[in-house]
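Overview (structure and organization)
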Amino acid sequence: MIVVAGGGFAGLRLIESLRARDADLGITLIDPRAEAVFLPLLPDVVAGKVRDRRLLYPLSKFCADRRVELVCGRAAKLEGERAVILEGDRKVPFDYLAVCCGAEPDFHGNEDAHRLAYTLYSARDALRLRERVKAVAAAGRPHTFIVIGGGYTGLETATALGYLLARLIRSGTISPFFIRVVELAPKVLGGLPESIADPVRREVDHLGIRLSVSATIGDMNEKFVEIDGERVTDFTLIWSAGVRVVDFVRSIEADKDKQGRLVVDPDLRLPSSRNIYALGDCAHFEAGGGPLRMAVQFSWAQGPVAAENILRQIGGREPHAYKPRDFGYLVPLASWRAWGKVGGATVGGMVGSFFHYFMCIFRTKRCRNKIGIVWDLVSVRRRVGSKLL
Ligand SMILES: Cc1cc2nc3c(=O)[nH]c(=O)nc-3n(C[C@H](O)[C@H](O)[C@H](O)COP(=O)(O)OP(=O)(O)OC[C@H]3O[C@@H](n4cnc5c(N)ncnc54)[C@H](O)[C@@H]3O)c2cc1C
């Protein structure tokens, strides 16, 4: 029995590859969600560019079409190297296990932020944040949206808020608002080449978003939040300051990095457990002096490699090594602009945005979701004041 914990990019690709190669394998998928979510387009749901249902793919349908048993539940811990114990104590035995549980927001122990902040890791999160923006926009009082964390997702989320607010302005009168990104480091996107980070910063500035760098947050409660000692009232806090692995991954006794990601061998197995694989965001795969970054392309590519290696093990052959290929990265902004590298070349502006959406549509499951995304994107400008807003 092959058990896959986590039906995201890595887990679903692994199952597709296994089923394509062997029609009779017993496969079980464990996931607490009823639907797989296409995370990279969540900011577009906040912005009102794409409907949330376009990002969802029911796991029951995915599993029924491939004769895979679906266990709707949350993996909690391992029983040796033979079974996964779910929350509620149900036991799912396995011969081979693939841990594909992704990541979750990391509040770094800040309980107040955990209680007060909005996150962006599910369709529900995106809808909640959008409803919040609409509610405060209609309230008639000045309001500040504070995004904590100036990485790719933080900047994209800040511009998505700006995009939605700009469209609300066009469809009626709204309260004055400010959008502010708070970053602890002296620069946002400091790890990227200046040829990419600089135009992103300029675009964010041009959109009227204030970047506060080398800034720290202090006390906070429902009434105020302190940024570098300054009290901001009437605010909405959005947390985008890092991710960590889920509790199940943390509970696995194996080598981990400081984010808790499971260190894997080149064949994607845990060095200490030869029948357990880890893929995607929850795995630390060493490449070129550091771990692979958390990105769809690597989760996506690791699925077929793990499938091949499980089949090799079953056939008594040695698994082979995963050789990552990096097709590049993009920092997408809601203003239909993105900067980054594609196939080694620097791209920017609307061309970058085209590549971003092209890759999103390419990697979205189901034709109807792909067509729906295209439809939403091409018709977005006509939808001012529509239900999607
Ligand atoms: C807002 C946002 C924007 C992003 N934009 C981009 C982008 O533009 N480009 C890019 O490359 N990457 C982007 N990413 C990152 C990208 O989405 C991840 O790298 C990718 O989803 C990782 O795939 P995965 O299969 O490892 O995990 P996921 O796709 O996160 O799937 C993990 C699955 O595991 C399940 N799970 C969790 N806990 C358990 C448990 N205990 N038991 C069983 N199942 C469990 C979850 O329900 C989920 O279905 C973005 C992420 C976010 C949040």
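Residues numbered from 1 in each chain as written. Predicted model: local features only at pLDDT ≥ 70, side-chain atom pairs only at ≥ 80, totals over all residues.

1. Quick look at the overall build of the protein
To keep things clear, this is the line we draw: The numbering of helices and of strands both runs from the N terminus, where a helix is a DSSP run of H or I of at least 4 residues and a strand a run of E of at least 2. In this setup the radius of gyration rests on C-alpha atoms only. A globule is expected at 2.2 Å times the number of residues raised to 0.38. Think of it as a crowd count around each C-beta: if 20 or more other C-beta atoms lie within 10 Å the residue is buried, if 12 or fewer it is exposed, and in between it is partly exposed, with C-beta placed from the backbone throughout. By definition, residues are in contact whenever their C-beta atoms, placed on the basis of the backbone, come within 7 Å of each other.
Regarding its fold elements, the protein presents 11 helices and 27 strands. Taking 389 residues into account, the globule formula puts the C-alpha radius of gyration at 21 Å, and the protein, at 21 Å, falls close to it. Along the longest, intermediate and shortest principal axes, the C-alpha atoms of the protein span 65 × 45 × 45 Å. Each of the 389 residues in the protein was classed as buried or not, and the buried ones make up 43%. Of the contacts made within the protein by residues no fewer than 6 positions apart, 66% connect residues no fewer than 24 positions apart.

2. Comments concerning the domain arrangement of the protein
Selection rule: An automatic or database domain assignment is the source of the domain bounds shown.
Along its sequence, the protein is carved into domain 1 (2-32 + 73-103 + 245-326) and domain 2 (111-242 + 329-383). If you average the C-alpha positions of domain 1 and of domain 2, the two centres end up 31 Å apart.

3. Here we look at the sheet that holds strand S14 (residues 217-220)
How we decide: At least two bridges found by DSSP between two strands are what make those strands a pair. With axes taken as lines fitted to C-alpha atoms, and helix axes fitted only over the stretch in contact, angles between N-to-C directions fall between 0 and 180 degrees.
With respect to topology, 3 strands assemble into an open sheet ordered S14-S15-S16, the strand pairing being antiparallel. Single-partner strands in this sheet number two, and they are S14 and strand S16 (230-233). The mean inter-strand angle of the sheet, taken between neighbouring strand axes irrespective of direction, is 25 degrees. Sheet analysis places strand S15 (residues 224-227) next to S16, joined by 4 bridges and oriented antiparallel. Looking at the pairing, Phe224 lines up with Thr233 of S16.

4. Looking at the site of the ligand
Convention followed: Whether a residue is near a molecule or strand depends on its C-beta atom, placed from the backbone, lying within 6 Å of it.
For the ligand, the set of nearby residues contains 34 residues, the closest of which are Gly6, Gly8, Gly102, Gly280 and Ala295. Those elements that place two or more of their residues in the shell around the ligand are helix H1 (9-21), strand S2 (27-31), helix H2 (42-47) and helix H9 (296-314).

5. A few points about the sheet that holds strand S12 (residues 177-182)
Spatially, 4 strands are ordered S13-S12-S11-S17 in an open sheet, and the strand pairing comes out parallel. One side of each edge strand has no neighbouring strand; the edge strands of this open sheet are strand S13 (210-212) and strand S17 (235-239). Averaged over all adjacent pairs, the angle separating strand axes in this sheet is 20 degrees, with direction ignored. Pairing between S12 and S13: 3 bridges, direction parallel. Bridge pairing links Val182 to Ser212 in S13.

6. Comments concerning the pairing of strand S1 (residues 2-5)
The condition is simple: When the strands point away from the viewer, a crossover counts as right-handed if the route from the first strand across the helix to the second turns clockwise.
Residue alternation in S1 divides its side chains into two sets, Ile2 and Val4 and Val3 and Ala5, and both sets are buried. Summarising the sheet, S1 and strand S9 (residues 96-99) pair through 4 bridges and their orientation is parallel. Each residue of the ladder has a partner; that of Val3, found in S9, is Leu97. Relative to S2, S1 runs parallel, the two sharing 4 bridges. Looking across to S2, one finds that Val3 is bridged to Thr28. Taken together, S1, H1 and S2 constitute a β-α-β crossover, and its handedness is right-handed.

7. Concerning the environment of Asp247
Its place among the elements puts Asp247 in helix H8 (residues 247-251). Linking Asp247 and Ala34, residues 213 residues apart in sequence, is a C-alpha distance of 19 Å.

8. Some points on the pairing of strand S26 (residues 337-342)
With 6 bridges joining them, strand S25 (residues 328-333) and S26 adopt antiparallel strand pairing. Bridging across to S26, Val331 finds its partner in Trp339. Pairing of S26 with strand S27 (residues 345-347), which is carried by 3 bridges, proceeds in the antiparallel orientation. In the sheet register, Lys341 faces S27, and the bridge partner there is Thr346. Where S26 hands over to S27, the hairpin turn is made up of 2 residues, of which Gly343 adopts a positive phi near 55 degrees.

9. Focus on the confidence of the model for the protein
So the rule is basically this: The predictor's confidence in any single residue is recorded as pLDDT, a number from 0 to 100.
Confidence in the prediction for the protein averages 94 pLDDT; 97% of positions are at 70 or higher. Note that pLDDT drops below 50 for residues 385-389; the model gives that stretch 9 contacts with residues more than four away or on any other chain.

10. Overview of the packing of H1 against H9
Using the following cut-off: Note: crossing handedness is left-handed where the near helix turns anticlockwise from the far helix by less than a right angle, and right-handed where it turns clockwise. When residues are sorted by character, Ala, Val, Leu, Ile, Met, Phe, Trp, Tyr, Cys and Pro go into the nonpolar class, Asp, Glu, Lys and Arg into the charged class, and all the rest, Gly among them, into the polar class.
Packing of H1 against H9 leaves a shortest axis separation of 7 Å and a crossing angle of 35 degrees. In the crossing of H1 with H9, the sense of the turn from one axis to the other is right-handed. Where H1 approaches H9, its residues Phe9, Ala10, Arg13, Leu14, Ser17, Leu18 and Arg21 are matched on the opposing element by Val296, Ser299, Trp300, Gln302, Gly303, Pro304, Ala306, Ala307, Ile310 and Leu311. Counted by class, the contact of H1 with H9 contains 11 nonpolar, 4 polar and 2 charged residues.

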